[in-house]
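Reading the structure
This is what each chain is made of:
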Amino acid sequence: MTTVPPTLAADEVEPAVRGPAPARRGTLPPVARVLARRALQAVSVTLLVSTACFVIVQNLPGDMAYRIAAGRYGYDRVTTASADAVRADLGLDAPAWQQLARWWADLAQFDLGTSLVTGGSVVHELRLPVTSSLQLAATALALAVAVGAPVGMAAAWRPGGLLDRLTTVWVAGTRALPPFLLGLLLIMLFSVHLGWLPAVGHGSASNVVLPAVTLAVGLSGLFARVTRDTVAQLRGSGFVTFAETKGLRGRAVLARHVLRNAGVTLVAYVGAQALILIEGVVVVESLFAWPGLGRTLVHAIFWRDVPVIQAAAVALALLVVLINTVVDVAGLALDPRPRWRQVVP
Amino acid sequence: MNMHVQGLVVTHTGRTLLDVDDLRLERGRAVTIVGESGSGKSLLAHAVMGTLGAGLEAQGRVVIEGTSYDVAERRARRRLWGRVMALLPQEPVLALDPTMRVRGQVAEGAASFWSDRRSGYRAAEEVLGTLGVAGAARRYPHTLSGGMAQRVAFAAATIGGARVLIADEPSKGLDDHARNDLTVLLHRHVTAGGILLTITHDLDLGRDLGGDVLVMRDAGIVERGPAHQVLITPSHPYTRRLLAAEPGRWRHLWVRDRTSGATERTADPGGPTLVQTDRVAKGFAGRTLFSDVSLTIRPGDRLALAGPSGSGKTTLGNVLLRLLQPDAGSVRHTQELAGGRLQKLYQDPAVAFPSRVPIGAALADVVRRHRPAPGRLTSLLAAMRLDESLLQRTPGQVSGGELQRLSIIRAILVDPLLIFADEPTSRLDLVTQEETMCCLMEQVERSGCALVLVTHNQALAHTVADRVLAVAG
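An unreviewed UniProt entry lists chain B under the name Peptide/nickel transport system ATP-binding protein, with Micromonospora pattaloongensis as the source organism. UniProt's Sequence similarities (unreviewed entry) comment on chain B is quoted here verbatim: "Belongs to the ABC transporter superfamily."

An unreviewed UniProt entry lists chain A under the name Peptide/nickel transport system permease protein, with Micromonospora pattaloongensis given as the organism. Word for word, the UniProt comment on chain A under Subcellular location (unreviewed entry) is "Cell membrane". Per UniProt, chain A carries the Sequence similarities (unreviewed entry) text "Belongs to the binding-protein-dependent transport system permease family."

1. Topic: the domain arrangement of chain B
Interfaces are often described in size by the accessible area the parts lose on coming together. Residues and elements named next belong to chain B. Per the domain assignment, the segments of chain B are domain 1 (2–96 + 144–244) and domain 2 (258–470). Listed per partner, the contact involves 10 residues of domain 1 and 9 residues of domain 2. Considering only the surface of domain 1 that becomes buried against domain 2, Asp175, His201 and Arg241 emerge as the three largest contributors, covering 42% of it. At the junction of domain 1 with domain 2, the criterion picks out 1 salt bridge. For Glu434, the salt bridge identified is with Arg241, shortest N-O distance 3.0 Å. For the pair domain 1 and domain 2, the number of links is 1 residue pair in polar contact (both at pLDDT 80 or more). At 3 residues, helix α9 (residues 237–244) tops the list of elements feeding residues into the side of domain 1 that touches domain 2. Residues belonging to the side of domain 1 that touches domain 2 are distributed by class as follows: 4 nonpolar, 2 polar and 4 charged.

2. A word on the nonpolar core
All names here are of chain A. Counting residues in hydrophobic clusters, the biggest one holds 59 residues, and the most contacted among them are Ile68, Leu215, Leu219 and Leu277. Both domains that furnish three or more residues to this core are identified here as domain 1 (31–108) and domain 2 (123–334). Ignoring any residue separated from it by four or fewer positions in sequence, one finds Ile68 in contact with Val86, Leu90, Leu92, Leu116, Trp303 and Arg304.

3. Structural notes on the packing of helix α10 (residues 250–279) of chain A against helix α13 (residues 306–334) of chain A
Residues and elements named next belong to chain A. One can describe the packing of α10 onto α13 by two numbers: an axis separation of 9 Å at closest approach and a directional angle of 175°. Looking at the two axes, α10 sits roughly antiparallel to α13. Contacts from Arg260, Gly263, Val264, Val267, Ala268, Gly271, Ala274, Leu275, Ile278 and Glu279 of α10 reach α13 at Leu316, Leu319, Val320, Ile323, Asn324, Val327, Ala330 and Leu334. Of the residues assigned to the contact of α10 with α13, the class counts are 13 nonpolar, 3 polar and 2 charged.

4. As for the UniProt feature "transmembrane region" (unreviewed entry) in chain A
Residues and elements named next belong to chain A. As annotated by UniProt and renumbered to match this structure, "transmembrane region" (unreviewed entry) occupies residues 136–157, 177–196, 208–226, 266–288 and 308–334. End C-alpha atoms of residues 136–157 are separated by 32 Å, and the span's content is 100% helix alongside 0% strand. Helix and strand shares over residues 208–226 are 95% and 0% respectively, and the end C-alpha atoms of the span are 26 Å apart.

5. Here's the deal with the domain arrangement of chain A
Residue and element names in this part refer to chain A. Along its sequence, chain A is carved into domain 1 (31–108) and domain 2 (123–334). The straight-line distance from the C-alpha centre of domain 1 to that of domain 2 is 32 Å. With 23 residues of domain 1 at the contact, the number on the domain 2 side is 17 residues. Summed over both partners, the interface of domain 1 with domain 2 buries about 1900 Å², with 74% contributed by carbon and sulfur atoms. Together, Arg38, Arg67 and Trp103 form the three largest contributors to the area buried by domain 1 at its contact with domain 2, with a combined 28%. In this structure, Arg37 and Asp328 form a salt bridge, with 3.6 Å as the shortest nitrogen-oxygen distance. Our enumeration of links across domain 1 and domain 2 arrives at 2 residue pairs in polar contact (both at pLDDT 80 or more). Elements supplying a minimum of two residues to the side of domain 1 that touches domain 2: α1 (30–58) and α2 (64–73). The greatest single-element share of the side of domain 1 that touches domain 2, amounting to 14 residues, is contributed by α1.

6. Quick word on the packing of helix α7 (residues 179–193) of chain A against helix α8 (residues 209–235) of chain A
Packed helices, taken two at a time, are described by their axes: the angle between them and the distance between them. All names here are of chain A. As a packed pair, α7 and α8 sit with axes 9 Å apart at the nearest point and diverge in direction by 135°. Viewed along their axes, α7 and α8 adopt a mutual orientation that is oblique. For the pair α7 and α8, the sense of crossing is right-handed. Only Leu210, Val213, Thr214 and Val217 of α8 make contact with α7, whose side of the interface consists of Pro179, Leu182, Gly183, Leu186, Ile187, Phe190 and Ser191. Considering only residue class, the contact of α7 with α8 consists of 8 nonpolar, 3 polar and no charged.

7. Observations regarding the sheet that holds strand β8 (residues 195–200) of chain B
All names here are of chain B. Pairing is mixed across the open sheet formed by 6 strands, whose spatial order is β6-β7-β8-β3-β9-β10. Of all the strands in the sheet, just β6 (85–88) and β10 (220–226) have a single pairing partner and so form its edges. Averaged over neighbouring strand pairs, the angle between their axes works out to 15° when direction is ignored. Sheet analysis places strand β9 (residues 212–217) next to β10, joined by 6 bridges and oriented antiparallel. Within β10, the position partnered with Arg217 by the bridge is Gly220. Set on the sheet, helix α5 (residues 146–158) makes contact with β6 and β7 (164–168); between it and β6 the angle comes to about 165°.

Rules of the game
Residues numbered from 1 in each chain as written. Chains lettered and ligands numbered in written order. Predicted model: local features only at pLDDT ≥ 70, side-chain atom pairs only at ≥ 80, totals over all residues. Heavy atoms only, no water. UniProt positions renumbered as here; feature names shortened; annotations may be inferred. Domains from an automatic or database assignment. Contact = heavy atoms within 4.5 Å. Buried area = accessible area lost by both parts, 1.4 Å probe. Salt bridge = Lys/Arg side-chain N within 4 Å of Asp/Glu carboxyl O. Polar contact = N/O pair within 3.5 Å; in protein donor to acceptor, adjacent residues only side chain to side chain. Helix = DSSP H or I, 4+ residues; strand = E, 2+ residues; numbered from the N terminus. Nonpolar A, V, L, I, M, F, W, Y, C, P; charged D, E, K, R; others polar. Core = buried A, V, L, I, M, F, W, Y, C linked by side-chain atoms within 4.5 Å. Buried < 20%, exposed > 50% of the residue type's maximum accessible area, 1.4 Å probe, protein only. Axes fitted to C-alpha atoms, helices over the stretch in contact; angles between N-to-C directions. Parallel < 35°, antiparallel > 145°, perpendicular 65-115°, else oblique. Left-handed = near helix turned anticlockwise from the far one by under 90°. Pairing = 2+ DSSP bridges.

Right, dumping it as structure tokens:
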């Protein structure tokens, strides 16, 4: 029997150029779609968060005017007269909806108002907290990724090996250690005993080291674990095996296929951790007297400084939106596959 | 140049999984190894290539271009990969990096790429052009059809100039169209003077490739010879058994002979209507998959939805089941189908069972809920030729064929009026496929329930079903 091979007919081949994947929702390219969605989110989040803040502060126990007067003049000099003066000065007698409407009107003109306590402009009051929070978060994340990602990568090379088991211990240990305790230990060691680094303060580069390390220690274990799982899974995947039998050297397989695909997972995870860092590090900020957003918000709530509370909350919410946007765009750049899932026809 | 495998033995904890004494491959002559799963044929490919799993002990020698390699030493052959020997991957869609454009993935296999990126890209575009997929170069894998992905994977595997090509189940999951393309590509490699070793359970692929065929069973070779002899007029009883397992040759009691009018007898045209569709249509992303489909399913009906992958046959099935809303038209179910009397079998039964729960516990839930006659489970297990001890295991601890039969049991326990089987045997080898379909059809025959079978295998569709609906896409 002779086998007659069928031939590859040109007309069997799909049209050579089909263009980019069809845009299914509207005609916007994916990046523009992400930006449009996030911009809409930014606006709605701003309105919701500031309104919620306003309502909550109005319902806090105690007379707001007394608290503000205490903030302005000190506890010893608070009298009914000074509280009344504050009330008249700030228009606290006006109905709540009028105060809220005033805040919205100002916001529409990008005017965040002035602090009730210091009398300074809120924008000015918040500049330092926002930049210091970002500085601390960025430094901590960079440290954690720089340590965690390579360790995770190395652990994935031998799943179940010594390094792999050590990272498991590391993760459990650092997660079990509360940050304030770790921070105190670091202060005792590096500031008190060795005298290498300042314990508190802000301004010079050395100030950021201890708070950033405190945060990074716990995170590095998490990053190592996530990297390890992702890379171990990728190493067993069809395309990594195929890359090897294509003749690529180990390092080329790592650089061209493993790193980028691991990046897809890792970027999303770093984004999620960045949000937690920016919002929830009040303990570490207080411990190191770091002038971050969390600490500012706590102080503002204590003194009932409504414009600062609202502006700080809005700043936090907008940072969340901003970080999510960066993560989305980075994810799109790394992995072009469409994000929505459909029933496979 | 030729390749010679000598005294190859692969064992796992003392058990012999592969024992092939002597295998010669010559330029310009295809060698195909057929056999059922577990016969050791895939291990042969990986032992030759040097990609055996870490838990397996291997001994023997592979002589390539006059150099002799010890198969236990896996690293030494790594520098041959891509340049001298290449492995054509199973399921090409999974072998392509989803985050990288096709051109880069093909180019990186070319030696020139690592010194001069541009010449590598040029070489990749040239190879893709000769395979008729020049337009794929700048696309991402998720935008390729199955057939295009197959050609791209072939380009990536062979661009390094390897004369020895090893293809492990290359036609797995491919529809007829993509399979034909694959045959052409493999032929080209052989006629250009290459060495080709193909591992497959697809006997038609073996016939199309020609050359020599080796039949493997229980770690050893039971028959070898020219393809047209072994796969047309086999001499070994096992090979004959293998050939008889091809769907077109099935001779079972439940196979209805459509020429004798048996169809009319079993499917009662006046019987109650289970499912009726009226001019349904469905499409995705502006592409219409099907439209104006009107059909009626009655008890005893056997309907096959057949077509290439991506044609929309699973979607049509899901519309029939009312799991998906049609874009136009209507689907009506009879009242009696409510309460679980419509059952679905999945392509990959592993995803249809909870992975950490013993199978027996999963089945006991069904028994508690639907209260079949006492002893029904035991009698079904016997009918499916399954041992009761399997119930203690989790889904990962039984074979794919056994698990699919267990999912048939689970469907039958409910006493269904309609069974919807979505590619139930496409991941199984020929013998297991026949065994599984027999178990299913014996129950369908006995209970008189209706069957809707989704498959890309035309022969299977025509053997099992009375009506075959070709879904073109």
